[in-house]
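Chain residues, written in single-letter form:
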Amino acid sequence: MSRDIKLKSIKKNTLSSLVMDEIIKLLIDGKIKPGDKLPSEYELMEMLYVSRAVLREALSALETLGILKRKSREGTYISDKIGTRPFRLMLALSSDDIETIIETRMTQELGFVTLAAEKITEEELQRLETTIYNMSNNIGNYDEMDKEFHNIITSSVMNNVTSGIIEPLMDFFYKVYYTISKEHRNIDITIQQHQAIFEALKDRDPFEAHRAMYIHLDHVRKRVKLGKINNEEN
């Protein structure tokens, strides 16, 4: 006696997700590497037992995420550098949650400044000192100098993975931060905190650099919260 068995039909978008997962798994397992060229569409269809429509949908999604690059008349390649788009998409979901963004920034930048104490160059230290001087003497745009200070630190230790994370994160943070009136920021304290971070980096002291950066970012977090509250009340 046969039983009635109910199965859900497999949709094309489900199949394309499985194809995406399979290609990502090959990448994680090291069977394909950044810069490698993928087999042709026909070969991939044969290997994965899917239609051209399903395969193209999966490849397009992976390209949107920055995992694949398609070169006209050359084929499809695994990206050799992680793009910022996946992280921008994640951040976009939290674009109205400044607390989440700044806390995420803290987790990243505290690690950056620790490594920077080991790796930052003398030229980069000079550039940091210049930004502090410019901020102290009202030379140039204050916000741009503030952003430049942090960019110098992160870029001193940036690699293909971290650049894809920190760049969109900082972009999102500053878009919100710039909407907060300067009256809710303390410029003198910011300059003092930048100076403390600079001194720790100059001394090549990762522990003091971490402490100084935490004090600074915690101060920024509190000012952002205050500014947000005041903006909402106005």
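This text gives an overview of the structure that appears in the document. Computed from a predicted model, the values in this text were never measured in an experiment.

Moving on, we come to the overall build of the protein chain. On a plain count of helices and strands, the protein chain comes out with 10 helices and two strands. The helix and strand sequence of the protein chain, counted from the amino end, reads α-α-α-β-β-α-α-α-α-α-α-α. Out of the 234 residues belonging to the protein chain, those deemed buried represent 36%. Counted over contacts in the protein chain with a minimum sequence separation of 6, partners at least 24 positions apart contribute 73%.

Where strand E1 (residues 68-71) lies against strand E2 (residues 75-78), four bridges are found, and the strand directions are antiparallel. Paired with Arg 70 across the two strands is Thr 76, which belongs to E2. Count of turn residues in the E1/E2 antiparallel hairpin: three residues, of which Arg 73 carries a positive phi of about 65°.

Taking 1.5 Å of rise per residue, 14 residues should cover 20 Å, and helix H7 (residues 142-155) covers 20 Å from first to last C-alpha, within 8% of that figure. Of the residues making up H7, those classed as buried are Tyr 142, Asp 143, Met 145, Asp 146, Phe 149, His 150, Ile 152, Ile 153 and Thr 154.

What counts, and at which threshold
- Residues numbered from 1 in each chain as written.
- Predicted model: local features only at pLDDT ≥ 70, side-chain atom pairs only at ≥ 80, totals over all residues.
- Heavy atoms only, no water.
- Helix = DSSP H or I, 4+ residues; strand = E, 2+ residues; numbered from the N terminus.
- Buried < 20%, exposed > 50% of the residue type's maximum accessible area, 1.4 Å probe, protein only.
- Contact = heavy atoms within 4.5 Å.
- Pairing = 2+ DSSP bridges.
- Expected span 1.5 Å × (residues − 1).

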